[in-house]
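Next come the chains, spelled out residue by residue.
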Amino acid sequence: MVRLYVPATLANLGSGFDALGVALDLYLEVEAELAPEDSFTYRGEGLVPSSPDNLVHEGYRSAWAEIGEPAPAIAIRALNPIPLARGMGSSSAALVAGAALADHFSGGKLGRDGVFRVTAHLEGHPDNVAPATYGGFVAALAEPPLALPLPRPEGLRFVLGIPPYEVPTPLARAALPREVPHADAVFNLARAALWPAALCSGRLEALREAAGDRLHQPYRAHLMPGLEPALERAYRAGALAAFVGGAGPTLATLAPPGAVEALREALLGYVGEQGRIMVLDPGEGYLWKAT
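Note that the coordinates shown come from a computational prediction; the quantities given were computed from them, not determined experimentally.

Q: Is there a simple way to explain a nonpolar patch on the surface in this structure?
A: On the surface, a nonpolar cluster with roughly 270 Å² of combined accessible area is contributed by L141, L146 and L148. By secondary structure assignment, the location of L146 is in strand β6 (residues 146-149). On the accessibility criterion, L146 (41% relative accessible area) is partly exposed.

This is the structure we're talking about:
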């Protein structure tokens, strides 16, 4: 039996739509062993049927197809603390887990880069699966498949406001226009370039500008009541950056030392009485642990 941990992730980071992401210190835990037939047992966030028709098995089978061999039957047990359909990469964590299991049981025929390649193809965009694979902040392309790690400043934490409702990714994608003004594309291009520049130079005060977005958050704001005022409150409370995690509705803030409690307070109005606040560190890429 093997045990695998795959991190939650935040995609886009505001301006880096489908290109930038970061891993969080919150991990999907998967135990697996080869078995006479496929099986799946789930515990954790949301309601996921205990059936072999699931995203972990999908990633597993796709990875074996990439290897060019039939997928051996496998028994998988998943314990998932990552909120579902909240923009924290729960689907990507499951796909990466499955592909990593295939890599393990094949004797490493894919490698970590192969796991990324398979899952980026499955997702169609790389900004969640790249940090789930490599950890930390990552800039990534799906075609050609390429992911590069970015510096991880010490002492920064993420304060997340997680509303009680879901925003399914297909619904969030449907809210996007087919075309955007040229000026808006240039706006985001410049700010996405600021993310690696700010992280590499240590000029973290530039992250507020780097997180600015005109390509997706304004078009999805109607799906997340109170988003714009919450972003403003987060910056007044000391956030270095504030943005929607993935397709939302999680509102992520990057907190310098000393600002965590103020940001907790700032996000309470956004999540309401039924929502929750999480404080997390940047995470590692998927990890193996002995059983």
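Q: I tried to follow the packing of helix α9 (residues 227-236) against helix α10 (residues 260-271) on my own but got confused; where do I start?
A: Each pair of packed helices can be summarised by the angle the axes make with each other and by the distance between the axes. With their axes 9 Å apart at the nearest point, α9 and α10 run at an angle of 170° to one another. It follows that α9 is roughly antiparallel to α10 by the angle criterion. Of the residues in α10, those touching α9 at L227, A230, R233 and A234 are L263, A266, G269 and Y270.

Q: I'm lost on the pattern of salt bridges in this one. Help?
A: Tallied over the entire structure, the rule returns 16 salt bridges. Here E166 and R86 are joined by a salt bridge, their closest N and O atoms 3.8 Å apart. Note that E166 is positioned in the loop between β7 (157-162) and α5 (169-174) and R86 in the loop between β4 (74-80) and α2 (90-105), a separation of 80 residues in sequence. We note a salt bridge from E205 to R203, for which the minimum N-O separation is 2.4 Å.

Q: Looking at this structure, how should I read the pairing of β7?
A: Working note: regular strand, side chains alternate between the two faces of the sheet. For β7, the tally of buried residues reaches five of six residues, placing the bulk of the element in the interior. Of the strand pairs in this sheet, β7 and strand β10 (residues 276-280) are connected by five bridges, and their pairing is antiparallel. Its bridge partner being in β10, V159 is matched across the sheet by V279.

Q: Would you take a moment to explain the packing of helix α1 (residues 55-67) against helix α3 (residues 111-123) for this structure?
A: Where α1 contacts α3, the axes come no closer than 10 Å and their chain directions differ by 120°. With respect to α3, the element α1 is oriented oblique. Helix-helix and strand crossings are classified by hand; for α1 and α3 the assignment is right-handed. Packed against α1, whose contacting residues are E58, G59, S62, A63 and E66, the element α3 presents R117, V118 and L122 at the interface. Looking at the contact of α1 with α3, its residues break down into three nonpolar, two polar and three charged.

Q: Would you mind showing me how to read the layout of surface pockets here?
A: Where empty space is left can be seen by rolling a probe of water-molecule size over the atoms. Of the voids in this model, the largest pocket is the one considered here, and its volume is about 680 Å³. Taken together, 38 residues make up the lining of the largest pocket; nearest its centre are L55, A85, S90, S91 and S92. Those elements that place two or more of their residues in the lining of the largest pocket are β3 (39-44), α1, β4, α2 and α5. Element by element, the count of residues in the lining of the largest pocket is highest for α2, at four residues. Of the residues in the lining of the largest pocket, the class split is 17 nonpolar, 13 polar and eight charged. Contributing elements (two or more residues each) for the lining of the second largest pocket: α6 (182-201), α7 (207-210), α8 (217-220) and α9.

Rules and cut-offs
Residues numbered from 1 in each chain as written. Predicted model: local features only at pLDDT ≥ 70, side-chain atom pairs only at ≥ 80, totals over all residues. Heavy atoms only, no water. Patch = residues over 30% accessible without salt bridge, like charges linked within 9 Å, V, L, I, M, F, W, Y side chains within 5 Å. Areas by Shrake-Rupley, 256 points an atom, 1.4 Å probe, with all protein chains shown as cover. Salt bridge = Lys/Arg side-chain N within 4 Å of Asp/Glu carboxyl O. Helix = DSSP H or I, 4+ residues; strand = E, 2+ residues; numbered from the N terminus. Buried < 20%, exposed > 50% of the residue type's maximum accessible area, 1.4 Å probe, protein only. Axes fitted to C-alpha atoms, helices over the stretch in contact; angles between N-to-C directions. Parallel < 35°, antiparallel > 145°, perpendicular 65-115°, else oblique. Contact = heavy atoms within 4.5 Å. Pairing = 2+ DSSP bridges. Left-handed = near helix turned anticlockwise from the far one by under 90°. Nonpolar A, V, L, I, M, F, W, Y, C, P; charged D, E, K, R; others polar. 1 Å grid on protein atoms, 1.4 Å probe; cavity = no way out; pocket = protein on both sides within 12 Å on 5 of 7 lines; lining within 4 Å. Points joined across faces, edges and corners; volume = space filled by probe spheres on them.

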